[in-house]
Amino acid sequence: MPRATGVRGFLERLDRGPVIGDGGFVFALEKRGYVEAGPWTPEAVIEHPEAVKQLHREYLRAGSDVCQAFTFYASEDKLKNRGNSAGSYGVKAINQAACDIVKEVAYPEGSLVAGGVSQTPTYMNTTDKALVQAEVRKQCAVFKETGVDLMICEYYDHVEEAEWHVEAVKDFMPGVPVCASLCINEDTDVHGVPTGECGVKLARAGADVIGINCHYDPFRCLDAVKKMIKNVKAAGFDKVHFMIQPLAFMTPDASVQGFIDLPEFPFALEPRICTRFEMQRYAREAYEAGIRFIGGCCGFEPYHIRAVSEELSAERGGFEPASGMIGWGKCLEKHTKPWVRARASKEYWQNLKPGTGRPYSSSLSKCDQWGITA
């Protein structure tokens, strides 16, 4: 079935039911050879536009309702940070290319387009509100000119910086819905502000949608968002929606810096990847918790979003991703081997305990425990 396009506005779609986001572009494109690990900046929109366009297409086929322009870490100060060559392009050129690409792919399919901003080196180096918000406005100029449907302020260790970003975006782009998500755990941000209180602070700053992204696995992120939901509702913000965009890696052993603290980061995380059936469980639990904007971050591939879409098909009016439904492995009924055909059931895949394929491999790692670095 096609997407439900009768309700155009983002917030109106959230009022109506679940809205599915896309996955993490920096990790997906780094694996494909189009992003440099370390800086993680998005100059690929200029250097390899077809690669970016193809990834947008794959997330759309998997069921994404919102396609986010690939502008992660595109603030002017980040593009130039530590001698990064992306600074030669500049924020305006990168954001314009990113918006042109995503609008070309998303709009014909009935998907919405999001602009995005994230943490800045200026905050870490100065904690000067005026300077930080100036960086945000530089990024938002193109988003305002091109008329994105919503803005996503994401990936903040410190709720204070997120508040400043939300305020700047709301002021610079009035009338545009603003999402705000932190990359913190279920306890506190890195300044010690309790996670639930962080949600209240974001609501007071004017965020329309609040939640968690990156750094932790789907189920730890769920625990964090649930605390936000409880506190935000208790504070009287009844119209605020909630979002979640976790890692696709299991991180029960990650400490205050999240998966960055794990010794496998960033090049050996594959043994931790979530299965598509764990993603279906994540999608169901997120929906039942009252979260309506559900997507993914680093490690998410289109097949993960496909699993989320499939799990919430009924709640989306019977929508089926263009990439098809696997129906808990029903397609395996066509397999030639009888023991594989026997796996064509929800019970089998829900109860599977995946192995690593590595004899005597450890189930957990010892984090580097850098703690709070800024």
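Numbering of residues starts from 1 in each chain and follows the order in which that chain's sequence is written. pLDDT decides what is reported in this predicted model: residues at 70 or higher carry local features, side-chain atom pairs at 80 or more are listed and counted, and totals for whole chains, interfaces and linings draw on all residues regardless. Think of the side-chain values as coming from all heavy atoms in the structure, minus any hydrogens and water.

1. Things to note about the packing of helix 8 (residues 129–146) against helix 9 (residues 159–172)
Condition: For helices, the axis comes from a line fit to the C-alpha atoms of the stretch in contact; other axes are also lines fit to C-alpha atoms, and the angle between any two N-to-C directions lies between 0 and 180 degrees. Helix and strand labels come from DSSP, where a helix needs a run of H or I of at least four residues and a strand needs a run of E of at least two; each type is numbered from the N terminus. Oblique is the label for any angle not covered by the other classes, which are roughly parallel (under 35 degrees), roughly antiparallel (over 145) and roughly perpendicular (65 to 115). Helix crossings fall into two classes, left-handed where the near helix is turned counterclockwise from the far one by less than a right angle and right-handed where it is turned clockwise. By the convention used here, residues are in contact when the closest approach between their heavy atoms is within 4.5 Å.
In contact at an axis separation of 9 Å, helix 8 and helix 9 are set at 45° when each is read in the N-to-C sense. What the angle tells us is that helix 8 and helix 9 run oblique. Once helix 8 is placed against helix 9, the crossing between them reads as right-handed. Residues Lys129, Val132, Gln133, Val136, Arg137, Cys140, Ala141 and Lys144 of helix 8 lie in contact with helix 9, whose contacting residues are Glu161, Trp164, His165, Glu167, Ala168, Val169 and Phe172.

2. A few points about helix 13 (residues 302–311)
Note the following rule: Each residue gets one of three labels from its accessible area relative to the maximum for its type: buried under 20%, exposed over 50%, partly exposed in between, using a 1.4 Å probe on protein chains only.
Most of helix 13 is tucked away, with nine of its ten residues classed as buried. The set of residues buried in helix 13 consists of Pro302, His304, Ile305, Arg306, Ala307, Val308, Ser309, Glu310 and Glu311. Turning to helix 13, the residues buried within the fold contact strand 1 (19–20), helix 4 (49–62), helix 12 (276–288) and strand 8 (293–294).

3. Considering the side chain of Gln119
Inclusion rule: Here a polar contact means two N or O atoms within 3.5 Å. Within protein one must be a hydrogen donor candidate and the other an acceptor candidate, and residues neighboring in sequence count only if both atoms are side-chain atoms.
Take Gln119: it is sitting in the loop between strand 3 (112–118) and helix 7 (121–126). Of note is the side chain of Gln119, whose polar atom sits 3.2 Å from the side chain of Asp157.

4. Description of helix 10 (residues 195–205)
When you tally the buried positions in helix 10, you get eight out of eleven residues, the bulk of the element. Looking only at helix 10, the buried set comprises Thr195, Gly196, Cys198, Gly199, Val200, Leu202, Ala203 and Ala205. Buried residues along helix 10 sit in contact with helix 9, strand 5 (178–182), strand 6 (209–213) and helix 11 (218–234). Gly206, located one to two residues past helix 10, shows a positive phi value of around 110°.

5. Some thoughts on the nonpolar core
Heads up, the condition is: Throughout this description, the term nonpolar core refers to a set of buried Ala, Val, Leu, Ile, Met, Phe, Trp, Tyr and Cys residues connected via side-chain atoms within 4.5 Å.
Counting 101 residues, the largest nonpolar core has Phe70, Leu182 and Tyr282 as its most contacted members. When residues of this core are assigned to their parent elements, the largest contribution, nine residues, is made by helix 6 (residues 91–106). Residues in contact with Phe70, not counting those within four places in the same chain, are Phe25, Val26, Leu29, Val35, Pro42, Ala44, Val45, Val52, His56 and Ala98. Within the second largest apolar cluster, twelve residues are counted, among which are Phe10, Val66, Ala114 and Val209.

6. Details of the sheet that holds strand 5
The strands that make up a sheet pair up through hydrogen bonds in the backbone, lying either parallel or antiparallel. To be explicit about the condition: Only strands that DSSP links by at least two bridges are regarded as paired with each other.
If you trace the eight strands from one edge of the open sheet to the other, you get 1-8-7-6-5-4-3-2, paired in parallel fashion. Both outer strands of the open sheet, strand 1 and strand 2 (66–68), are each paired with one neighbouring strand and no more. On top of the sheet, helix 11 reaches strand 5, strand 6 and strand 7 (241–245); it is set at about 165° to strand 7, its chief contact.

7. Details of the packing of aromatic side chains
Aromatic rings in a pair are described by how distant their centres are and how their planes are angled relative to each other. Note the threshold: A pair of Phe, Tyr and Trp rings is counted when the ring centres sit within 6.5 Å of each other, with Trp represented by its six-membered ring. The angle between the planes then sorts it: under 30 degrees is stacked, over 60 is edge-to-face, the rest tilted. A positively charged side chain is recorded as over a ring if its NZ (Lys) or CZ (Arg) lies within 6 Å of the ring centre. The angle to the ring normal must also be within 35 degrees.
Counted under the stated rule, the structure contains 18 aromatic pairs. Chaining the aromatic ring pairs together yields one cluster made of Phe27, Trp40, Phe249, Phe259 and Phe265. Lying across the ring of Phe172, Lys144 places its NZ or CZ 4.7 Å from the centre. For Arg281, the ring lying beneath its charged end belongs to Phe219, and the centroid distance is 3.9 Å.

8. As for empty space enclosed by the protein
Definition in use: Cavity means a closed set of points on a 1 Å grid over the protein atoms alone, one where a 1.4 Å probe fits but cannot get out, pocket means an open set with protein on both sides within 12 Å along at least 5 of 7 lines, and lining means a residue has an atom within 4 Å of a point. Grid points are joined across faces, edges and corners, and a volume is the space filled by probe spheres set on the points.
This model, assessed by the stated rule, comprises one cavity of 30 Å³ or more. What the largest cavity holds in volume is close to 30 Å³. Asp157, Cys183, Ile184, Asn185, Thr188, Asp189, Val190, Tyr216 and Val256 together form the lining of the largest cavity.

9. Details of the confidence of the model for the protein
Quick note on the threshold: The predictor attaches a confidence to each residue, and that confidence, scored 0 to 100, is pLDDT.
Mean pLDDT over the protein: 94, with 97% of residues reaching 70 or higher. With pLDDT under 50 throughout, residues 1–6 is counted as low confidence; its partners more than four residues away or in other chains account for 18 contacts.

10. A closer look at the packing of helix 9 against helix 10
Rule in force here: Residues are sorted three ways: Asp, Glu, Lys and Arg are charged, Ala, Val, Leu, Ile, Met, Phe, Trp, Tyr, Cys and Pro are nonpolar, and all the rest, Gly among them, are polar.
As a packed pair, helix 9 and helix 10 sit with axes 9 Å apart at the nearest point and diverge in direction by 20°. Here helix 9 lies roughly parallel to helix 10, going by the angle between them. Like other packed secondary-structure pairs, helix 9 and helix 10 cross with a definite hand, here right-handed. Contacts from Val159, Ala162, Glu163, Val166 and Glu167 of helix 9 reach helix 10 at Cys198, Lys201, Leu202 and Ala205. For the contact of helix 9 with helix 10, the per-class residue count stands at six nonpolar, no polar and three charged.

11. Comments concerning unusual backbone geometry
For the bond from Phe265 to Pro266, the omega torsion is -5°, close enough to zero to count as cis. Along the chain, Pro266 falls in the loop between strand 7 and helix 12. At Trp40, a residue that is not glycine, the phi angle is positive and equals roughly 55°. Along the polypeptide, Trp40 turns up in the loop between helix 2 (25–31) and helix 3 (44–47). Located in the positive-phi region is Tyr155, a residue other than glycine, with phi close to 70°.

12. A word on the layout of surface pockets
Taken as a whole, the largest pocket spans an internal volume of roughly 1,200 Å³. If you go around the largest pocket, you meet 47 residues; those closest to its centre are Tyr73, Lys78, Gln119, Tyr155 and Ile260. A per-class count over the lining of the largest pocket returns 23 nonpolar, 17 polar and seven charged. No other element matches helix 12, which puts four residues into the lining of the second largest pocket. Tallied by class, the residues present in the lining of the second largest pocket amount to eleven nonpolar, nine polar and nine charged.

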